[in-house]
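# Geometric and topological summary
One-letter residues, chain by chain:
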Amino acid sequence: MKTIRNTVLLGVALVFAQAAIAHGEKPHARKEARPVSTEETVFGREGDPRKASRTIDVGMSDKMRFTPAELTIKQGETVRFRVKNSGQAMHEMVLGTMDELRKHAEMMKKHPGMEHDEPYMAHVSPGKAETMVWQFTKVGEFHYGCLVPGHLEAGMIGKVKVVSR
Ligand SMILES: [Cu+2]
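Residues numbered from 1 in each chain as written. Predicted model: local features only at pLDDT ≥ 70, side-chain atom pairs only at ≥ 80, totals over all residues. Heavy atoms only, no water.

Within the chain, the regular secondary structure consists of three helices and 11 strands. In the chain, the succession of α and β elements from N to C terminus is α-α-β-β-β-β-β-β-β-α-β-β-β-β. Relative to its full complement of 165 residues, the chain shows a buried share of 35%. By sequence separation, contacts in the chain at least 24 residues apart represent 75% of the contacts at least 6 residues apart. (Helix = DSSP H or I, 4+ residues; strand = E, 2+ residues; numbered from the N terminus. Buried < 20%, exposed > 50% of the residue type's maximum accessible area, 1.4 Å probe, protein only. Contact = heavy atoms within 4.5 Å.)

Once that is clear, we can look at the sheet that holds strand 3 (residues 54-61). Taken together, six strands build an open sheet; the order of strands is 1-2-9-6-3-4 and the sheet is mixed. If you trace the sheet from one side to the other, it starts and ends with strand 1 (40-41) and strand 4 (65-67), each paired once. Looking at chain direction, strand 6 (residues 78-85) and strand 9 (residues 129-135) are connected through seven bridges and run antiparallel. Residue pairing for strand 9: T78 is matched across the bridge by Q135. (Pairing = 2+ DSSP bridges.)

Moving on, we come to the coordination of the copper ion. In the first shell of the copper ion, the protein supplies H91 (ND1), C146 (SG), H151 (ND1) and M156 (SD), at 2.0 to 2.7 Å from the metal. The sequence pattern describing where the donors of the copper ion fall on their chain is H-x54-C-x4-H-x4-M. Of this pair, H91 sits in strand 7 (residues 91-96) while C146 sits in the loop between strand 10 (140-145) and strand 11 (157-163), and the two are 55 residues apart along the sequence. Taking relative accessible area as the criterion, H91 reaches 0% and is therefore assigned buried. Look at C146 and you get buried, because its relative accessible area is 0%. (Donors = N, O, S within 2.8 Å, 3.2 Å for Na, K, Ca; no water.)

Let's shift gears to the environment of G145. Note on placement: G145 falls in strand 10. For G145, a relative accessible area of 0% gives the class buried. Residue contacts for G145: discarding those within four places in its chain leaves F66, E92, M93, V94, L101, L152, M156 and I157.

Right, here's the structure in full:
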């Protein structure tokens, strides 16, 4: 009897595991459905859209440039980024430290098919726009880069200066 019960429990666990995998395959759907993450990174944390104090429009183009390429933000500020891709190629805006972005770009080169989604990245199809909300909790110099293979090296990088209030 005990064995049967354990088998049923295992079956339930497997169904949940499969649901989780299927969910992970739709990163954009997940972004809207899940609650705001409380995970703190060295460059800040996911922002609550209701607490965004301003919206910054960021343009991306096939010239491998972000417009603007430099931002100044106050510590603690929650910013809504409206990221628009005016090019013909896929582009993305990924926030982080220069070191992390470089490492991440290397990984993308080795595994070009790799798809993942985090609150600090916006993948934007040609002609489309995406929104990303981030709170800059720490003072310092951070960056945003496009990690589509070759784009970072081509100069698709921007700088964020977070200054104390
Ligand atoms: Cu790009």
